[in-house]
Amino acid sequence: MALAAALAACSTAAGSPVPAPVHAPAAKQAAGSPACTATSKLIPSCGAWWGMAPEVFTGVPIEQALHGAELRMGAAADVLHVYHRERELFPTPAEVRLARDPARPRLLMVNWKPSFDHTWAQIAAGRLDRRIDRLAAHIRRTFPERFFLTLHHEPENDVDARSGSGMQATDYAAMFRHVVLRLRQQGVRNAVVVMTYMGAPNWAAKPWFEDLYPGDDVVDWVAMDPYADDRVQDFDGLVNKTRKEYPEWPGFYRWMQARFPGKPVMVAEWGVFERSYDRSFKRTFYETVLRQIKRYPQIKALLYFDSPQAPRGDTSFDSDSSADKAFTRLARDPYFRSTPVPRP
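S.K.: I'd like to hear about the packing of helix H9 (residues 281-292) against helix H10 (residues 321-331), residue by residue, with values.
M.R.: The contact between H9 and H10 brings their axes to 8 Å, and the two run at 15 degrees. Classed by the angle they form, the pair H9 and H10 counts as roughly parallel. In the packing of H9 onto H10, the handedness of the crossing is left-handed. The residues of H10 that touch H9, namely those facing Lys282, Arg283, Tyr286, Glu287, Val289 and Leu290, are Ser322, Ala323, Ala326, Phe327, Arg329 and Leu330. Of the residues in the contact of H9 with H10, the class split is seven nonpolar, one polar and four charged.

S.K.: Please set out the pairing of strand S6 (residues 221-224) residue by residue, giving values where relevant.
M.R.: Alternating positions in S6 separate into two faces, Trp221 and Ala223 on one and Val222 and Met224 on the other, with burial throughout. As judged from the four bridges shared by strand S5 (residues 191-197) and S6, these two strands associate in the parallel manner. Across the sheet, residue threonine 196 finds its bridge partner in S6, namely alanine 223. Taken together, the three bridges between S6 and strand S8 (residues 265-272) define a ladder with parallel strand orientation. From the neighbouring strand, alanine 223 faces S8, where its bridge partner is methionine 266.

S.K.: Before we move on, could you go through the packing of helix H4 (residues 129-142) against helix H5 (residues 169-185) and cite the residues and values that matter?
M.R.: H5 packs onto H4 with a crossing angle of 45 degrees between their chain directions and a minimal axis gap of 9 Å. By the angle between their directions, the pair H4 and H5 is classed as oblique. Crossing handedness for the pair H4 and H5: right-handed. When H4 is examined against H5, the residues Asp129, Ile132, Asp133, Leu135 and Ala136 are found in contact with a partner set consisting of His178, Val179, Arg182 and Leu183.

The rules behind each value
- Residues numbered from 1 in each chain as written.
- Predicted model: local features only at pLDDT ≥ 70, side-chain atom pairs only at ≥ 80, totals over all residues.
- Heavy atoms only, no water.
- Axes fitted to C-alpha atoms, helices over the stretch in contact; angles between N-to-C directions.
- Helix = DSSP H or I, 4+ residues; strand = E, 2+ residues; numbered from the N terminus.
- Parallel < 35°, antiparallel > 145°, perpendicular 65-115°, else oblique.
- Left-handed = near helix turned anticlockwise from the far one by under 90°.
- Contact = heavy atoms within 4.5 Å.
- Nonpolar A, V, L, I, M, F, W, Y, C, P; charged D, E, K, R; others polar.
- Buried < 20%, exposed > 50% of the residue type's maximum accessible area, 1.4 Å probe, protein only.
- Pairing = 2+ DSSP bridges.

Dropping the structure here:
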């Protein structure tokens, strides 16, 4: 789902009480084996990062939202996914505090849409350079740590394929390149750049789909934002969605494996919608993630979209006690606890 902006906040979803957050240590290594670490591009050498956009669309400040979500799931997040738009400067003081928490540091995944009133072509031509330069100065001054950055995520449904629209797929690629290169020119070298696709077969089937990609030199990770709707039954079906209408589409993970064999994959947003006819679906779905995640070694980060008011339904992970318990087991699994978050 495309999200123009999201303010993280506290969920009112019902659920049974959960234990206090578990700040799990890194998994023990075999004698003589190297410890699990993160690379300069924030790729964990063991397992995958566990993260989330917490309690979205409910209006509570981000610190309260994240601490509330961590308490509800009984585990800490490695990655905090936040959303910014237009002239907003990031990271905010609250985001910096969460990233630098001495008890439990976190990585930031910042999602920025530079403008809603300029076309991609205009941004690529330099119309927002002053805005980009102002942001770069802020980042240099306030946050030297490495962080994830994605630009205008899920661009597929914003493409206007008409000639001269300024919003063609090639315009998106040019915009993305311009913003990243401008930030680097202004001294922002700590942004680990992520290209985020929707992860839906209908958009991948468009003739312009491949034109969206801005180039390996400006993209460090590739990401998808899949959701478990009525067509999805398990984690395999989530990350490799197919449709009979598009028989040649192999699924997003398979496509990313073939298209970007050397790049880590992030599931930057994922969520499970309520099913009124099957109240056990969330629980059983989370159990499939636990069983199936190791089939996808290129997935190096899994970031849940936790919201009781998502545009297409309730994705809060603890909408009932059985779902809550299954999600907690998943969040605490050693696969997501093996590489410690780098400290500032």
